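Breakdown of the fold
The primary structure of each chain is shown beneath.
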Amino acid sequence: MTVMRKGCVYGAPCWVGLMARDLGTATGFYGPLFGWRFEPGPERWGPYLRVYSGGWEVAGIGEVAKRWELPVTWTTYFGTDDANATAAAIRERGGTVAVGPLEFDAGRLALASDPAGASFGIWEGRASSRTREWPIASPVWIELRTRDAFESALFYGQVFGWDQEDPKRYEVRYEHDRVVLRVDGHSVAALSGGGTEAAMDPRVRPRWHVYFSVADVDATVEKAVKLGGEVTGEPQDSAYGRVAGLRDVEGGLFSVISQHH
């Protein structure tokens, strides 16, 4: 799999954000781990930092888990041209809109969950028609593990109009035991089965997994442990590259991947 290229394209994953309890704790972990730098962002809903890898803004970290009594988690946001219409479509198809849509940083966002309970966000902002190669330490792969990949693909496809968008840009295919969304010829998200809603372990319950690119998965895992993180999935080779699962010091789950070229 090549490095994923994506802009903020309607109907596709366009952003990831961490809901942290303490910004200092989060930056003390992720800064050394990924070489990220941080700049203050809009604080309308609480302290917020823009995350940069090299010269690219790659994510956001907000101190909102404490404010909204939410678990620490990485949230995947899908682009939309109408947050209100998308929120209505989520509800109509059995999902839940927990927060918003709210005005935020020259756009509007909402937090929602699908019928199986996996959380995600929607973002209404400026569209991008361009694709680019993201730098190291940026989110390059998003994967939903859920009870029924095809049922979930139908939900997201209807909410975001995957079948109604330009067929030359959007393609949904089945490969490597996953339903894969491709935009502009590049894989941007996958949906796979195996999630169990009643599981005590949050790794097993339906959720979107965010993968950050790294040069060396094994070395990153070793560094994460030294910084106080935990390994939730030992490094292993996959169809998309070498991967590992990690938990940050506040309990936020994420994955790292060193992709095949």
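Computed from a prediction, not measured in an experiment: that's the story for all the values here. (Residues numbered from 1 in each chain as written. Predicted model: local features only at pLDDT ≥ 70, side-chain atom pairs only at ≥ 80, totals over all residues. Heavy atoms only, no water.)

According to the stated counting rule, one finds 14 salt bridges in the structure shown. Salt-bridge contacts for Glu175 lead to Arg173; the nearest nitrogen and oxygen are separated by 3.3 Å. A residue is classified by how much of its surface remains accessible, and Arg173, at 31% relative accessible area, is partly exposed. (Salt bridge = Lys/Arg side-chain N within 4 Å of Asp/Glu carboxyl O. Buried < 20%, exposed > 50% of the residue type's maximum accessible area, 1.4 Å probe, protein only.)

Attention now moves to the layout of surface pockets. Approximately 610 Å³ is the volume attributed to the second largest pocket. Pro71, Thr73, Gly117, Ser119 and Arg207 are, among the 26 residues lining the second largest pocket, the residues nearest its centre. At the level of secondary structure, the elements contributing two or more residues to the lining of the second largest pocket comprise strand E5 (73-80), strand E6 (96-103), strand E7 (108-113), strand E8 (119-124) and strand E13 (207-213). Take the lining of the second largest pocket: its biggest share by element is four residues, from E5. (1 Å grid on protein atoms, 1.4 Å probe; cavity = no way out; pocket = protein on both sides within 12 Å on 5 of 7 lines; lining within 4 Å. Points joined across faces, edges and corners; volume = space filled by probe spheres on them. Helix = DSSP H or I, 4+ residues; strand = E, 2+ residues; numbered from the N terminus.)

In this section: the sheet that holds strand E10 (residues 170-175). Pairing within the open sheet is mixed, and its eight strands lie in the order E10-E11-E12-E9-E13-E16-E15-E14. Of all strands in the sheet, those with a lone pairing partner are E10 and strand E14 (230-238), marking the two edges. In this sheet, neighbouring strand axes are inclined to one another by 25 degrees on average, regardless of whether the strands run parallel or antiparallel. The pairing of E13 with strand E16 (residues 253-259) spans three bridges and is parallel. Of the residues in E16, the one forming a bridge with Ser213 is Ile257. Set on the sheet, helix H1 (residues 23-34) makes contact with E13 and E16; between it and E16 the angle comes to about 5 degrees. (Pairing = 2+ DSSP bridges. Axes fitted to C-alpha atoms, helices over the stretch in contact; angles between N-to-C directions. Contact = heavy atoms within 4.5 Å.)

Attention now moves to the pairing of E13. Regular strands place side chains that alternate from one sheet face to the opposite one. Among the seven residues in E13, seven count as buried, and that is most of the element. Of the two faces of E13, the one carrying Arg207, His209, Tyr211 and Ser213 and the one carrying Trp208, Val210 and Phe212 are both buried. With six bridges connecting them, strand E9 (residues 139-145) and E13 associate as antiparallel partners. Looking at E13, one finds that Ile142 is bridged to Val210.

On to the packing of H1 against helix H5 (residues 217-226), then. Relative orientation of the contacting elements H1 and H5 amounts to 150 degrees, with a least axis distance of 10 Å. Looking at the two axes, H1 sits roughly antiparallel to H5. Relative to H5, the crossing made by H1 is right-handed. Together, Phe29, Pro32, Leu33 and Phe34 of H1 and Thr220, Lys223 and Ala224 of H5 make up the contact between the two elements. (Parallel < 35°, antiparallel > 145°, perpendicular 65-115°, else oblique. Left-handed = near helix turned anticlockwise from the far one by under 90°.)

Strand order in the open sheet formed by eight strands is E2-E3-E4-E1-E5-E8-E7-E6, with mixed pairing between adjacent strands. Each of the sheet's edge strands pairs with one partner strand only, and the pair in question is strand E2 (37-40) and E6. Strand-to-strand, the axes of this sheet are offset by a mean angle of 30 degrees, without reference to chain direction. With six bridges joining them, strand E1 (residues 13-19) and E5 adopt antiparallel strand pairing. Among the inter-strand pairings, Met19 is bridged to a residue of E5, identified as Thr73.

A few words now on the confidence of the model for the protein chain. It should be kept in mind that the predicted coordinates are not to be read in detail where pLDDT is low. Here the protein chain averages 84 in pLDDT, and 84% of its residues register 70 or above. Scored below 50 in pLDDT, residues 1-7 shows 40 contacts in the model against residues more than four places distant or in partner chains. (pLDDT = per-residue confidence, 0-100.)

It is worth spelling out the packing of aromatic side chains at this point. Within this structure, the stated rule accounts for 25 aromatic pairs. Arranged with centres 5.0 Å apart and planes meeting at 65 degrees, the rings of Trp74 and Phe212 form a pair that is edge-to-face. Of the two residues, Trp74 is situated in strand E5 and Phe212 in strand E13; the sequence distance between them amounts to 138 residues. Among the aromatic residues, those joined into a cluster by ring pairs are Phe29, Tyr30, Phe34, Trp36, Trp74, Phe212 and Phe254. (Phe/Tyr/Trp six-rings, centres within 6.5 Å; stacked < 30°, edge-to-face > 60°.)

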